[in-house]
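Single-letter residue listing:
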Amino acid sequence: MIRVPYNLKSIPPLILPPSASTLEGAASAVSEFLSPSTGKTTLLTGAGISVDSGIPDYRGPSGTYTVNKDYRPIFYSEFINNHIIRRRYWARSFLGWPAISLARPNKAHEYVGKLMNTGKISNIITQNVDSLHSAYVKDVTEIHGSLAKVICLTCGSTYGREEVQTQLSKLNPAWNDLLLQELDRLTKNASPDPIKDFRLNPDGDLELPSSVRYEAFEYPTCPSCASKGIAKASSSGAWITENEDVDVPHSKRKCKDVGVLKPNVVFFGEHVDEEIKKDADRKMQEASKILVAASSLATYSAFRLIKEGKTTGKRIGIINMGPVRGEHDILTTDDIRVSFKVADILGLVLENESLN
């Protein structure tokens, strides 16, 4: 299972059933869909569910692809093969991480937790890398990983993102002023400065003006690899080019360069971890219904789950404001498709439940 981007066509979304054209009708349809009497429901969430937490999605009205038509995400092959690309990524991630770490769950996350407690939702899988669901749900399958962790592509050691952030700050004092400006903006809940053109992307890196140079930005060598002599580091702990294309006997490394740290997320063009894939498949197999919330299913790793679920006879429900990949081909009259905000729908489902 690989994470591959997909260009969605601007086709008007379906409305299933016809009564779902109003908020009340849509909430009623979702409530019926979630009834435990018709089997277990697995929830699959996408980037749109975290928009109200201050993290943008890709294809919503203010999404990254919508605002910046020229946006191109970094690909896995670029990251593992190019020191300059890694510098650029870590510089932008250094500035973008505070917005992710300061983000808090919103009503949609809360409502998902409550619906799991009542048994209307049995399992949850998310495409998101912000870990916000974990505030209300213990067992979350994050098919694209989590920004909260960093992994070494040589030895497999993992580190907390805050630990790496501290290292990045020490290695790049000239960038700290930019970081402090961004932190000040975030704590004041102010809008991005249009002069700097700062914009957070869903995967946690900050969009910077094309004039910004990254040649002097340094990122750390894996401390474990450095301590064992597998990789070298500068006197300050920075990754150096002597680590390029080094042979390491008996290593299961995923990169030709040694001691490279990477956020523990699935980049575009990268395969989903096999154990994570198995866990997602298990949750799909346990369910008789799949509810998609705030996702366009544009990445194949998510679309595959729905496509395979449909071929095995599962009912599909979709709550999403914009178009969804394959909806006109996959959905039937037995399924549901509503075009409202997830928090509005799930909030009304819970409200109606409390009245009954």
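A few points on the structure. (Residues numbered from 1 in each chain as written. Predicted model: local features only at pLDDT ≥ 70, side-chain atom pairs only at ≥ 80, totals over all residues. Heavy atoms only, no water.)

Turning to unusual backbone geometry, a few remarks are in order. In the segment running from Leu-16 into Pro-17, the intervening peptide bond is cis, with an omega of -10°. In this fold, Pro-17 is placed in the segment before α1 (23-34). One non-glycine residue, Ser-131, lies in positive phi territory at about 60°. Non-glycine residue Leu-297 carries a positive phi angle of around 55°. Structurally, Leu-297 is set in the loop between β9 (289-293) and α10 (300-311). Accessibility expressed as a relative area gives 2% for Leu-297, which makes it buried. (Helix = DSSP H or I, 4+ residues; strand = E, 2+ residues; numbered from the N terminus. Buried < 20%, exposed > 50% of the residue type's maximum accessible area, 1.4 Å probe, protein only.)

Okay, the sheet that holds strand β3 (residues 140-142) next. As summarised here, the arrangement of the 6 strands in space is β3-β2-β1-β9-β10-β11, forming an open sheet in which the pairing is parallel. Strands with a single pairing partner mark the edges of an open sheet, and in this sheet they are β3 and β11 (336-338). Pairs of neighbouring strands in the sheet enclose a mean axial angle of 15°, with direction left out of account. By the bridge criterion, 3 bridges tie strand β2 (residues 123-126) to β3 in an arrangement that is parallel. Note that in β3 the partner of Thr-126 across the bridge is Glu-142. The sheet strands contacting α10 are β1 (41-45), β9 and β10 (315-319), and the helix crosses β9 at an angle near 150°. (Pairing = 2+ DSSP bridges. Axes fitted to C-alpha atoms, helices over the stretch in contact; angles between N-to-C directions. Contact = heavy atoms within 4.5 Å.)

Turning our attention to the environment of Lys-120. Topologically, Lys-120 is positioned in the loop between α5 (107-117) and β2. Each C-alpha atom of the pair Lys-120 and Gly-39 lies 9.2 Å from the other, and the pair is 81 residues apart in sequence. The contacts of Lys-120, once residues within four sequence positions are left out, are Ser-31, Leu-34, Ser-35, Pro-36, Thr-41, Leu-115 and Glu-353. At a separation of 3.5 Å, a polar atom in the side chain of Lys-120 contacts the side chain of Glu-353. (Polar contact = N/O pair within 3.5 Å; in protein donor to acceptor, adjacent residues only side chain to side chain.)

Now for empty space enclosed by the protein. All chains considered together, the criterion is met by 2 cavities of 30 Å³ or more. The space that makes up the second largest cavity amounts to roughly 30 Å³. Taken together, Leu-297, Phe-303, Ile-306, Ile-318, Val-324, Arg-325, Gly-326, Glu-327, Ile-330 and Leu-331 form the lining of the second largest cavity. For the lining of the second largest cavity, the secondary structure elements donating two or more residues are α10 and α11 (327-330). Counted by class, the lining of the second largest cavity contains 7 nonpolar, 1 polar and 2 charged residues. (1 Å grid on protein atoms, 1.4 Å probe; cavity = no way out; pocket = protein on both sides within 12 Å on 5 of 7 lines; lining within 4 Å. Points joined across faces, edges and corners; volume = space filled by probe spheres on them. Nonpolar A, V, L, I, M, F, W, Y, C, P; charged D, E, K, R; others polar.)

What follows covers helix α4 (residues 83-102). Over its 20 residues, α4 extends 29 Å from the first C-alpha to the last, a length consistent with the 28 Å expected when each residue adds 1.5 Å. Judged by how many residues are buried, α4 sits mostly within the fold: 15 of 20 residues are covered. Two to three positions downstream of the cap, the backbone nitrogen of Ile-84 sits 2.8 Å from a side-chain oxygen, assigning the N-cap of α4 to Asn-82. (Expected span 1.5 Å × (residues − 1).)

As a further point, take helix α12 (residues 342-355). With 14 residues, α12 ought to run about 20 Å at 1.5 Å a step, and its terminal C-alpha atoms sit 20 Å apart, in line with that. Val-342, Ala-343, Ile-345, Leu-346, Gly-347, Leu-348, Val-349 and Leu-350 are the residues of α12 that are buried.

Buried residues dominate β10, accounting for 4 of its 5 residues. Inspection of the sheet shows β9 paired to β10 by 5 bridges, in the parallel sense. Bridge pairing in β10 links Leu-291 to Gly-317. Crossover β9 to β10 through α10 is right-handed. As defined by bridge partners, β10 adjoins β11 across 3 bridges and the pair is classed as parallel. Across the sheet, Ile-319 pairs through a bridge with Val-338, a residue of β11. (Right-handed = clockwise from strand over helix to strand, strands pointing away.)

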